[in-house]
Amino acid sequence: TLMYDDEIYQCVEKRQDGLVSTPFQIMPADSPQAKIITDLFKKWWSEIVLGGQDARWFGYSVLETVYDPRAMHFDGKTITPYIGWLWIGIKPMEWFEPKNDGRLVLYSNYNDQHRDIDCDQQFKYFLTQCKPTYKNPYGEALFSRLYWVWFFKTNGLKFWSKYVERFGNPSLVGKGAMDTEAMRDALLQAHASSVIAVSGMEDVTTVGAANNVGAAFEGFDKKFERSIQKLILGQTLTSGTDNTGSQALGTVHREVQQDKIDADIRMILPTLQAILDALCAVNQWERHEIIVGEQKSIHSDKADRDVKLK
């Protein structure tokens, strides 16, 4: 429900886009299987990283892998058979329960054994948790901190819509009329025609809303928008610097945004490595390592070695 809020969705999408666009590399890069693994991860990269990132919003998430024993990798004229992925993606979190001893339980309603079973976390299911503890193996759900912000923002907008509908047009008040019914009918017609004629003994006035109500609601709405941005993005530059700005603010904005993306990478990296380990194990390949981050920092040790050798 929270994801249907426009402000929450655009903040979440900003972090999702930053994570999906982060480059990765498989090491050792010169192994015969590195090209196969890289192409496979590129195909399913969005489903894997966004599925793991869901743990940030809801506390934990579970990815399931369906293997394809007849997969083929095409590299020019070279065709290599291997065990790949027929599908990998996120499963409904309410089907599972993470335990404080590391187990992942699949509820009886969602398996063919009609009992709660422990999931295979080596090859089949991959659990991602956000800051789990022994007391709280479900992890810390960021959206749980957003509920009251969303609640007051949504209901405040509903109240404001009704208020504008009621007081958007001023109410007409007729005074001094001997025939109140005739005055009432004339006032009703005046709302449609905006014109009314009265005698010198009668008077028509308007009753409208106070002029400062709109400004009060604008401040109310902006307060909750900034709270949402601060909680999800870590800053409020997009709405906190109206008509102003500087290069320093933009630099800080990018740094804070990158810090959030780096935190998401650290959270999902064990899941990515577990998925890669399972793929190498079923194919009986040597163990590979996945490195996620800027490409320029991946080979810094090799670059330094080459300089010294030269």
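The structure this text deals with has already been given above.
Every value quoted in this text rests on a predicted model; they were computed, and no experiment measured them.

Bringing the pairing of strand 2 (residues 60-75) into the picture now. As paired elements, strand 2 and strand 7 (residues 125-129) share 5 bridges and run antiparallel to each other. Paired with L63 across the strands is F126, a residue of strand 7. Sheet topology places strand 2 next to strand 3 (residues 78-91); 12 bridges connect them, and they run antiparallel. Its bridge partner being in strand 3, L63 is matched across the sheet by I90.

This brings us to the sheet that holds strand 7. Overall, antiparallel pairing links the 3 strands, which are arranged 3-2-7 in an open sheet. Across the chains shown, the open sheet's two edge strands, defined by having one partner strand only, are strand 3 and strand 7. Going across the sheet, the axis of each strand differs from the next one's by a mean of 30 degrees, ignoring polarity. Packed on one face of the sheet, helix 2 (residues 34-58) meets strand 2, strand 3 and strand 7 and runs near 10 degrees to strand 3.

When the terminal C-alpha atoms of helix 1 (residues 6-20) are compared, their 21 Å separation across 15 residues agrees well with the 21 Å that a helix rising 1.5 Å per residue should span. Buried within helix 1 we find E7, I8, C11, V12, R15, Q16, G18 and L19. Capping the start of helix 1, D5 holds a side-chain oxygen 3.1 Å from the backbone nitrogen of E7, two or three residues further along.

The strand order 4-5-6 describes an open sheet built from 3 strands, whose pairing is antiparallel. Edge positions in the open sheet fall to strand 4 (96-98) and strand 6 (117-118), since each of these has one partner strand only. Alignment of strand 4 against strand 5 (residues 104-106), held across 3 bridges, turns out to be antiparallel. Paired with E97 across the strands is V105, a residue of strand 5.

Let us look at the environment of G293. As for its placement among the helices and strands, G293 is situated in the loop between strand 10 (289-292) and helix 8 (300-309). We classify G293 as buried; its relative accessible area is 14%. Considering only alpha carbons, one finds G293 and T22, 271 residues apart in sequence, at a separation of 6.0 Å.

One pass over the full model with this rule turns up 13 salt bridges. For R56, the salt bridge identified is with D264, shortest N-O distance 2.9 Å. Here R56 is found in helix 2, whereas its partner D264 is found in helix 7 (residues 247-283), with 208 residues between them in sequence. The exposure class assigned to D264 is buried, which follows from its relative accessible area of 0%. Two residues, D101 and R103, come together in a salt bridge whose shortest N-O distance is 2.8 Å. Taken together, the salt bridges that share partners define one network made up of D5, D6 and K153.

Rules and cut-offs
Residues numbered from 1 in each chain as written. Predicted model: local features only at pLDDT ≥ 70, side-chain atom pairs only at ≥ 80, totals over all residues. Heavy atoms only, no water. Pairing = 2+ DSSP bridges. Helix = DSSP H or I, 4+ residues; strand = E, 2+ residues; numbered from the N terminus. Axes fitted to C-alpha atoms, helices over the stretch in contact; angles between N-to-C directions. Contact = heavy atoms within 4.5 Å. Expected span 1.5 Å × (residues − 1). Buried < 20%, exposed > 50% of the residue type's maximum accessible area, 1.4 Å probe, protein only. Polar contact = N/O pair within 3.5 Å; in protein donor to acceptor, adjacent residues only side chain to side chain. Salt bridge = Lys/Arg side-chain N within 4 Å of Asp/Glu carboxyl O.

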